[in-house]
Amino acid sequence: MNNYIEKNILPLVEKPITYLGNEVNAVHKTPDADTIRFAFAFPDTYEVGMSHLGMKILYGLLNEQKDIWCERVFAPWVDMEAQLRSHNLPLYGLESMMPLNEYDFIGFTLQYEMSFTNILNMLELGHVSLLAKDRKDDEPFIIAGGPCAYNPEPLSDFVDFFVIGEAEELILELMDMYRSFKKSNGTRADYLKSIAGIQGVYVPCFYETTYDQATGLIKEFKPLIDGVPEKIKKQFIEDLDKAYYPDKIVMSYTETVHDRISFEIFRGCGRGCRFCQAGMIYRPTRERSIPTIQEKIEALIKATGYDEISLSSLSTGDYSEIQKLIDTLVKEYDGEKVGLSLPSLRIDSLSIDMLEQIQKVRKTGLTLAPEAGSQRMRDVINKGVTEENLLDTVRTAFEKGWGHVKLYFMIGLPGEALEDIEGIAVLGQKTVDEYYKLDRDVRNKNLKVVLSAASFVPKPFTPFQWMGQNTRQEFKDKQNHLKSKIKDRKISYSWHDSGVSYMEAVFARGDRRLGPVLLKAHEMGCRFDGWGEYFSLEKWMEAFAEVGVDPDFYALRNREYDEILPWDFIDIGVKKDYLIAENNKSREVITTPFCREHCSNCGIMEFKEGWKCND
Amino acid sequence: MIKMQYQFKRTNELRFLSHLDQQRLFQRAFRRSDMQVDYSLGFNPHPKMAFALAMSVGLTSDCEYGDVMLTDDISCEAFIERMNAVLPQGLEIVSARILEEGHPSLSASLLKSHYQLKVKLSDTVSKETLSKAFQTYLDYPEILMKKRNKKGKLIEKNIRPFIESILLNQEETTEEAATIEMFLNYIEQQCVKPELILSSINEQVNDLFIIDPTIQIHRKNLMLLED
């Protein structure tokens, strides 16, 4: 098969090099009968998937095990898919080019809802049964994890089991159970039963949901068999500093979305922005120490030859010793032409001096995320950033020679009024004004302020999880209103929504009844829904209509606090009562402090015995 | 400071690299091998390195050239050894030499390429027919080909001077696929792509070859001015 694909198929597709699995640091093993074959599947293109940190961690971790060979598989681009289908060839794992259906496990990472149809498409292309209930004993187990697994229900028809939370430790335990299972001659169900009790594992076929006929609301969610937990507790790594981190990563030949070393300096975030799912599900915050970071980065640079390191986290400026860390790294790598970048900087934690220190090596534009235009709205969402913070920051940036500033906002936030929308335009104008206050010879010659507004999508496990999304018409009206308020030609405004955020809102807070819709959409040819050129709202609406499911029920409806939510059976450590309290505070425009400064008892302290935050 | 010129080959495993991919690959390989590469000044420092030719996607080659400025004195043998230790399978440095200052740049030294092409035949044709077709083609005093100039305008260009010879590889040619040896000249750093010559033969002489991306093109030799 390898030779045939290489000679006759790859020359015909756009990016042949991404289907070969022969990159520097790719792992090749000589498998025997005992080797566990694991395909780590990213349901989007190679270029997107190769930028994903979680895959790098699990790929390295699994391949450290002698008897496990973890390979990669991505959603083939449409030209490659057409070739595979016309030659009747199966989708394969990149390293060994083995057909997907011959693996022991296929593990999908769920990074965004709009990749769900790609999962179905990849299974089909890999000749794997789409529905978990149809899978034979010789077919792979389909696993799924990642942020979207915190509401696993829309995918429960297709996935054999979900991993809720951080998988670095759990995955090895699951592999251990599989080793014993392989010796036992058991059935699929036997293996699933053997792992169903492990913290962080959710096996959907052992549970049942019933609905109220009249209202359509969930009546009950309960286990179908004995010995499986009623609530699924997430997993988290207590000592991140000691947790596995790869010292080499696979080097893509083609340019990827984030073509650099991405180093995770800490996990979790205690800011408590009320729209942010990551800020809740990844609690508690845990840091890696500076010596660990230094040592690992050193190894990664040696093994890859990359010339850029990005210090990643949910809010990089909140690292407790950020200045010291940057000083250390800049000192170490300045002479070697290795650039540093700091994504995800909060406006209030960001020091322009810090950025300038980095800019000495490499220059980039400045991106800031005030998220909302008015102070009232920023307090509603608990962003905790003031206009003064923002203007101080842009002023200093302009003084230091920056000319290109991008500001990110959301529209359609709960309780939003037209004044809040107008605030976005006002903030853009004030930013421009700061620039013109400066002397000509100080400031950059080219000023460009970009305002970018995304449509708000309510997510599970956030204080806004009960809130309905704006209708598409409401979004449109608000966008047009905002546009009409932008007068300055130095300000450009970007907004794009073809209905994608509506679909996201449906699947983010959907339940098991969406399974048939996904299947229908897949049959109708939906895939790469995150890609503007392939997303079709019309097709999706047709799929909903055919299956008889109303998408508005999931996206637009305000839910009551006492409604059983599809994800209520998952315990992330942050209590529901806390989320309710936060929602109530948002209605009264009361903010909640950064948890490092004042603990608001979100629940994570009681979640694991002996755990103490900020210790 | 030294200018290291190296000859390398690219085999099947990495024939799908684009020129940009390959540049990036070498850049990173220099870092992994701890080579002390000289960088350009400015906000976006770039390593001082160049290739004789941009390799197209799909091309394999026994003979490619690159050069790189190094800030420390290193022997050619050490350069080859350290680079080959970090280069992936599919790329290999064959030889290297340190250039004197004032040596002409690689792109200015291009003389001639020897290509070997494997191409599927559109019909069963005898080896004699193929050889005859090449002869007929080469006997034309002028061969015009439509090309886009730098402004994007379509112009006709005589490509005959770029072609030194086209020969059929008798041993490797089968009924389905021909193996062809082509010797092509560089004139003022310009050349003609070998697969375009096959299309041109299809047009000017006889429809013999199936022109599609599965044509295999291999460079056996690249001759530089001084050699």
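Since the model is a prediction, treat every value here as computed from it, not as a measurement.

Here we come to the overall build of chain B. Broken down by element type, chain B carries four helices and ten strands. Reading chain B from its N end, one meets helices and strands in the order β-α-β-β-α-β-β-α-β-β-β-β-α-β. Based on the C-alpha atoms only, the size of chain B along its principal axes is roughly 55 × 35 × 30 Å. Across the 227 residues that make up chain B, the buried fraction comes to 48%.

This part takes up the overall build of chain A. Across its full length, chain A carries 21 helices and 19 strands. Since a compact globule built from 615 residues should have a radius of gyration of about 25 Å, the 24 Å found for chain A is in line with a globular shape. The dimensions of chain A, computed from C-alpha atoms along their principal axes, are 75 × 65 × 55 Å. Within chain A, buried positions represent 61% of all 615 residues. Accessible area of chain A: about 24200 Å², with a carbon and sulfur share of 49%.

Moving on, we get to the sheet that holds strand S16 (residues 404-411) of chain A. All names here are of chain A. Spatially, S15-S16-S17-S18 is the arrangement adopted by the four strands of the open sheet, whose pairing is parallel. Looking at the sheet topology across the chains shown, the edges are occupied by strand S15 (366-371) and strand S18 (491-494). Here the strands of the sheet are splayed against their neighbours by 20° on average, with no regard to which way each runs. For S15 and S16, the ladder comprises four bridges, and the chain directions are parallel. For Thr367, the partnering residue across the bridge sits in S16 and is Lys406.

In this section: the sheet that holds strand S5 (residues 161-163) of chain A. Residues and elements named next belong to chain A. The sheet built from six strands is open, its strands ordered S2-S1-S3-S4-S5-S6 with mixed pairing. Unpaired on one side and paired on the other, strand S2 (68-74) and strand S6 (201-202) mark the two borders of the sheet. One ladder, built from five bridges, connects strand S3 (residues 105-109) with strand S4 (residues 141-145); its direction is parallel. Among the inter-strand pairings, Gly107 is bridged to a residue of S4, identified as Ile143. Those strands touched by helix H5 (residues 116-125) are strand S1 (36-42), S2, S3 and S4, and its axis lies near 160° from that of S3.

Contact residues are listed per partner, giving 29 residues for chain A and 23 residues for chain B. Taking both sides of the interface into account, the surface hidden between chain A and chain B amounts to around 2300 Å²; carbon and sulfur atoms contribute 55%. At the boundary of chain A and chain B, one finds three salt bridges. One can count six residue pairs in polar contact (both at pLDDT 80 or more) joining chain A with chain B. Per-class residue counts for the side of chain A that touches chain B are 13 nonpolar, six polar and ten charged.

Turning our eyes to something else, we now look at the side chain of Arg179 of chain A. All names here are of chain A. Inspection of the secondary structure puts Arg179 in helix H6 (residues 170-184). Side-chain polar atoms of Arg179 contact the side chain of Asp67, separated by 2.6 Å. What Arg179 contacts, discounting residues up to four positions off in sequence, is Ile36, Gln65, Asp67 and Ile68.

Let us look at the domain arrangement of chain A. All names here are of chain A. On domain assignment, one finds that chain A holds domain 1 (2-233) and domain 2 (260-363 + 573-615). Relative to domain 2, the C-alpha centre of domain 1 lies at a distance of 29 Å. With both sides pooled, the region where domain 1 packs onto domain 2 buries about 930 Å², and carbon together with sulfur makes up 45% of that total. By the criterion of area lost to domain 2, the three top residues of domain 1 are Leu53, Tyr150 and Glu166, representing 48% of everything that side buries. The interface formed by domain 1 and domain 2 includes three salt bridges. The partner of Glu166 in a salt bridge is Arg267, with the nearest N and O atoms 3.2 Å apart. With three residues, the top contributor of residues to the side of domain 1 that touches domain 2 is helix H3 (residues 53-63). Considered class by class, the residues forming the side of domain 1 that touches domain 2 number four nonpolar, two polar and four charged.

Residues and elements named next belong to chain A. In this structure the tally under the stated criterion is 51 salt bridges over all chains. One salt bridge connects Glu208 with Lys222, and the closest N-O pair in it is separated by 3.2 Å. In this pair, Glu208 is assigned in strand S7 (residues 207-211) and Lys222 in strand S8 (residues 218-223), connecting sequence segments 14 residues apart. One salt bridge in this structure joins Glu287 and Arg596, with 3.9 Å as the shortest N-O distance. Of this pair, Glu287 sits in strand S12 (residues 286-287) while Arg596 sits in the loop between helix H20 (576-587) and helix H21 (604-607), and the two are 309 residues apart along the sequence. Note on Glu287: relative accessible area 30%, which makes it partly exposed. Here Arg596 falls in the partly exposed class, since its relative accessible area comes to 40%. What emerges from the salt-bridge pattern is a single network uniting Glu166, Glu168, Glu264, Arg267, Arg286 and Arg288.

All names here are of chain A. Where helix H17 (residues 515-523) meets helix H18 (residues 537-547), the closest approach of the two axes is 9 Å, and the angle between their N-to-C directions is 130°. As summarised for this structure, H17 and H18 are arranged oblique, according to the angle between their axes. Two packed elements cross with a definite hand, and for H17 against H18 that hand is right-handed. Between H17, through Pro516, Val517, Leu518, Lys520 and Ala521, and H18, the contact on the second element is made entirely by Trp540, Ala543, Phe544, Glu546 and Val547.

As a further point, take H3 of chain A. When you tally the buried positions in H3 of chain A, you get ten out of eleven residues, the bulk of the element. By the burial criterion, the buried members of H3 of chain A are Leu53, Met55, Lys56, Ile57, Leu58, Tyr59, Gly60, Leu61, Leu62 and Asn63 of chain A.

Attention shifts here to the domain arrangement of chain B. All names here are of chain B. Looking at chain B, the domain boundaries give domain 1 (2-103) and domain 2 (110-224). A separation of 29 Å is found between the C-alpha centroids of domain 1 and domain 2. Listed per partner, the contact involves twelve residues of domain 1 and ten residues of domain 2. When the buried surface of domain 1 facing domain 2 is broken down by residue, Leu53, Leu59 and Cys63 rank first, second and third, together holding 43% of it. Linking domain 1 with domain 2 are one salt bridge, by the criterion used here. The element contributing the most residues to the side of domain 1 that touches domain 2 is strand S3 (residues 60-70), with six residues.

What follows deals with the environment of Pro11 of chain A. The topology assignment puts Pro11 of chain A in the loop between helix H1 (2-9) and S1. In this structure Pro11 of chain A comes out as buried when scored by relative accessible area, which is 14%. Distance from Pro11 of chain A to Ile358 of chain A, taken between C-alpha atoms, is 42 Å for residues 347 residues apart in sequence. For Pro11 of chain A, the contacting residues outside a window of four places in its chain are Ile5 and Glu6 of chain A together with Arg15, Phe16, Pro213 and Thr214 of chain B.

Take the side chain of Lys296 of chain A next. Here Lys296 of chain A is to be found in helix H9 (residues 290-304). In contact with Lys296 of chain A, not counting residues within four places along its chain, are Tyr245 and Phe263 of chain A.

One finds Phe161 of chain A together with Phe79 and Phe209 of chain B to be the most contacted residues of the largest nonpolar core, which totals 262 residues. When residues of this core are assigned to their parent elements, the largest contribution, seven residues, is made by H3 of chain A. Look past the residues within four positions of Phe79 of chain B in its chain and what remains in contact with it is Met4, Tyr6, Phe30, Met35, Val68, Leu70, Ile74, Ile93 and Ala96 of chain B. One finds Cys273, Phe275, Val380 and Met467 of chain A within the second-largest nonpolar core, a separate group that totals eleven residues.

Cut-offs applied
- Residues numbered from 1 in each chain as written.
- Chains lettered and ligands numbered in written order.
- Predicted model: local features only at pLDDT ≥ 70, side-chain atom pairs only at ≥ 80, totals over all residues.
- Heavy atoms only, no water.
- Helix = DSSP H or I, 4+ residues; strand = E, 2+ residues; numbered from the N terminus.
- Buried < 20%, exposed > 50% of the residue type's maximum accessible area, 1.4 Å probe, protein only.
- Rg over C-alpha atoms; globule rule 2.2 N^0.38 Å.
- Areas by Shrake-Rupley, 256 points an atom, 1.4 Å probe, with all protein chains shown as cover.
- Pairing = 2+ DSSP bridges.
- Axes fitted to C-alpha atoms, helices over the stretch in contact; angles between N-to-C directions.
- Contact = heavy atoms within 4.5 Å.
- Buried area = accessible area lost by both parts, 1.4 Å probe.
- Salt bridge = Lys/Arg side-chain N within 4 Å of Asp/Glu carboxyl O.
- Polar contact = N/O pair within 3.5 Å; in protein donor to acceptor, adjacent residues only side chain to side chain.
- Nonpolar A, V, L, I, M, F, W, Y, C, P; charged D, E, K, R; others polar.
- Domains from an automatic or database assignment.
- Parallel < 35°, antiparallel > 145°, perpendicular 65-115°, else oblique.
- Left-handed = near helix turned anticlockwise from the far one by under 90°.
- Core = buried A, V, L, I, M, F, W, Y, C linked by side-chain atoms within 4.5 Å.

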